[in-house]
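Working through the structure, step by step
Take a look at the letters that make up each chain.
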Amino acid sequence: MKISRQAEAEIPEFNSYAEAQKYFAMKYGEKFVLANIEMIGDDEVFFYHLILDEKEYFLGREKLAKDGYIKDSLSFINSYQPVEVFHDGRIHVIH
């Protein structure tokens, strides 16, 4: 289930990445997967995918790994919700 704006407003504030990661892991389990880690300016940002449609998500990941692109990417894009978790515990849910 997608994180709504209302549900996002109810997420507690975190003091660190570890606190945020633990919260999401407990709430969503294996559906909350780390996709990438990047430095943005001085911030270390952890990019997660909250999997909404497992079949489409893993099919899309397989196609990306095999071909380097997805011909019909809309199904893949809609199969997850991006969540950014910053090193200091801030979060940004993409709607």
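See the structure printed just above.
About the cut-offs
- Residues numbered from 1 in each chain as written.
- Predicted model: local features only at pLDDT ≥ 70, side-chain atom pairs only at ≥ 80, totals over all residues.
- Heavy atoms only, no water.
- Pairing = 2+ DSSP bridges.
- Helix = DSSP H or I, 4+ residues; strand = E, 2+ residues; numbered from the N terminus.
- Axes fitted to C-alpha atoms, helices over the stretch in contact; angles between N-to-C directions.
- Contact = heavy atoms within 4.5 Å.
- Expected span 1.5 Å × (residues − 1).
- Polar contact = N/O pair within 3.5 Å; in protein donor to acceptor, adjacent residues only side chain to side chain.
- Core = buried A, V, L, I, M, F, W, Y, C linked by side-chain atoms within 4.5 Å.
- Buried < 20%, exposed > 50% of the residue type's maximum accessible area, 1.4 Å probe, protein only.

Quick word on the sheet that holds strand β1 (residues 32-40)
Sheet architecture is open: four strands sit in the order β1-β2-β3-β4, paired in antiparallel fashion. What marks the edges here is a single partner per strand, and that holds for β1 and β4 (91-93). Here the average twist between neighbouring strands, direction ignored, is 20 degrees. Here strand β2 (residues 43-51) runs beside strand β3 (residues 80-86); their pairing, made up of seven bridges, is antiparallel. If you follow Phe47 over to β3, its bridge partner there is Glu84. This element, helix α3 (residues 54-67), spans β1, β2 and β3 of the sheet and lies at about 125 degrees to β2.

Describing α3
Over its 14 residues, α3 extends 20 Å from the first C-alpha to the last, a length consistent with the 20 Å expected when each residue adds 1.5 Å. Where α3 begins, the side chain of Asp53 points an oxygen toward the backbone nitrogen of Lys55, at a separation of 3.2 Å. One or two steps after α3, the chain reaches Gly68, where phi turns positive at roughly 85 degrees.

Quick word on the environment of Tyr28
Among the structural elements, Tyr28 can be located in helix α2 (residues 17-28). For Tyr28 and Met1, which are 27 residues apart along the polypeptide, the C-alpha to C-alpha distance reads 9.3 Å. For Tyr28, the residues in contact, after removing those within four places along its chain, are Met1, Ile3 and Leu50.

A closer look at the side chain of Ser79
For Ser79, the location among the structural elements is in the loop between α4 (73-77) and β3. Look past the residues within four positions of Ser79 in its chain and what remains in contact with it is Leu50, Ile51, Leu52, Asp53, Glu56 and Tyr57.

A word on the nonpolar core
Counting residues in hydrophobic clusters, the biggest one holds 13 residues, and the most contacted among them are Ile3, Phe24, Phe32, Tyr48, Val83 and Val85. Secondary structure elements with two or more residues in this core: α2, β2 and β3. Excluding residues within four positions of it along the chain, Ile3 makes contact with Glu8, Ile11, Phe24, Tyr28, Leu50, Gln81, Val83, Val93 and His95.

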